[in-house]
Amino acid sequence: MKSKEILIQYSDMAEEVKDIQKRIQKLQKEIAGLGIVSDSVKGTRTDGTYGSIKITGYPTPRYMKKKAALEKNKELLERKETKLLELMTQAEAYIESIPKSELRTMFRLYYIDGLTWLQVAHRMNEIFPKRKTKYTEDNCWKRNARFFDEN
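This text gives an overview of the structure that appears in the document.

The rules we used
Residues numbered from 1 in each chain as written. Predicted model: local features only at pLDDT ≥ 70, side-chain atom pairs only at ≥ 80, totals over all residues. Heavy atoms only, no water. Core = buried A, V, L, I, M, F, W, Y, C linked by side-chain atoms within 4.5 Å. Buried < 20%, exposed > 50% of the residue type's maximum accessible area, 1.4 Å probe, protein only. Helix = DSSP H or I, 4+ residues; strand = E, 2+ residues; numbered from the N terminus. Contact = heavy atoms within 4.5 Å. Axes fitted to C-alpha atoms, helices over the stretch in contact; angles between N-to-C directions. Parallel < 35°, antiparallel > 145°, perpendicular 65-115°, else oblique. Nonpolar A, V, L, I, M, F, W, Y, C, P; charged D, E, K, R; others polar. Left-handed = near helix turned anticlockwise from the far one by under 90°. Salt bridge = Lys/Arg side-chain N within 4 Å of Asp/Glu carboxyl O.

Here we take up the nonpolar core. In this structure, Leu7, Met106, Phe107, Val120, Cys140, Phe147 and Phe148 are the most contacted members of the largest nonpolar core, which totals 33 residues. Elements with a minimum of two residues in this core: helix H1 (3-33), helix H2 (60-96), helix H3 (101-112), helix H4 (117-127) and helix H5 (137-150). Broken down by element, the residue count for this core peaks at ten residues, all from H1. Beyond its immediate sequence surroundings of up to four residues, Leu7 is in contact with Ala91, Tyr94, Ile95, Phe107, Tyr111 and Phe148.

Set out below in structure tokens:
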């Protein structure tokens, strides 16, 4: 896999992991929100009288479906997190191989930390406050593009 592809794949997979985590949280809330349900039916009671009977219980089929979906998502998350760690190691190794410190910092902020180019520019201005020309969203993006065009 090419270096830029590793960085992009890592960023994409990090977002995928966040999405799976949100889905797990949603299912956990839904499961916790499943309470006792009740219904009334007409029939014969145990004492032999006929009439309305109130039935209460836990919605087992719905609970089991949501619990199964939760378990599948947890297994998927575990696999994706393992793959994400592998990609992160590769991405960080590639970034460390870049000769310029400034570019390494910029790439870490964008590809590893998942900041937007505008956020990268703000952080770079905080990190390098004495720089004559301030970082902007455009010049950060262009430096990224130029780097990969050259390499």
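Following the structure, the description resumes.
We now examine the packing of H3 against H5. Contact geometry of H3 with H5 gives a least axis separation of 11 Å together with a crossing angle of 105°. Between H3 and H5, the crossing angle belongs to the class labelled roughly perpendicular. Contacts between H3 and H5 involve Glu102, Leu103, Met106, Phe107 and Tyr111 on the former and, on the latter, Cys140, Arg143, Asn144, Phe147 and Phe148. A breakdown of the residues in the contact of H3 with H5 according to their chemical character gives seven nonpolar, one polar and two charged.

This part takes up the packing of H2 against H3. The interhelical angle for the contact between H2 and H3, taken along N-to-C directions, is 160°, at an axis separation of 9 Å. One element, H2, and the other, H3, form an angle in the roughly antiparallel class. As for the relative orientation of H2 and H3, their crossing is right-handed in sense. Between H2, through Ala91, Glu92, Ile95 and Glu96, and H3, the contact on the second element is made entirely by Arg104, Phe107, Arg108 and Ile112. Residue classes in the contact of H2 with H3 are distributed as four nonpolar, no polar and four charged.

A separate point is the pattern of salt bridges. As a working rule, side chains carrying opposite charge can pair if their charged atoms are close by. Summed over the entire model, instances satisfying the criterion amount to eight salt bridges. In this structure, Glu96 and Arg108 form a salt bridge, with 2.3 Å as the shortest nitrogen-oxygen distance. Within this pair, whereas Glu96 is found in helix H2, its partner Arg108 is found in helix H3, the two being separated by twelve residues in sequence. Here Arg131 ties to Glu102 by a salt bridge, and the two come within 3.3 Å at their closest N and O atoms. With Arg131 in the loop between H4 and H5 and Glu102 in helix H3, this pair connects stretches of sequence that are 29 residues apart.

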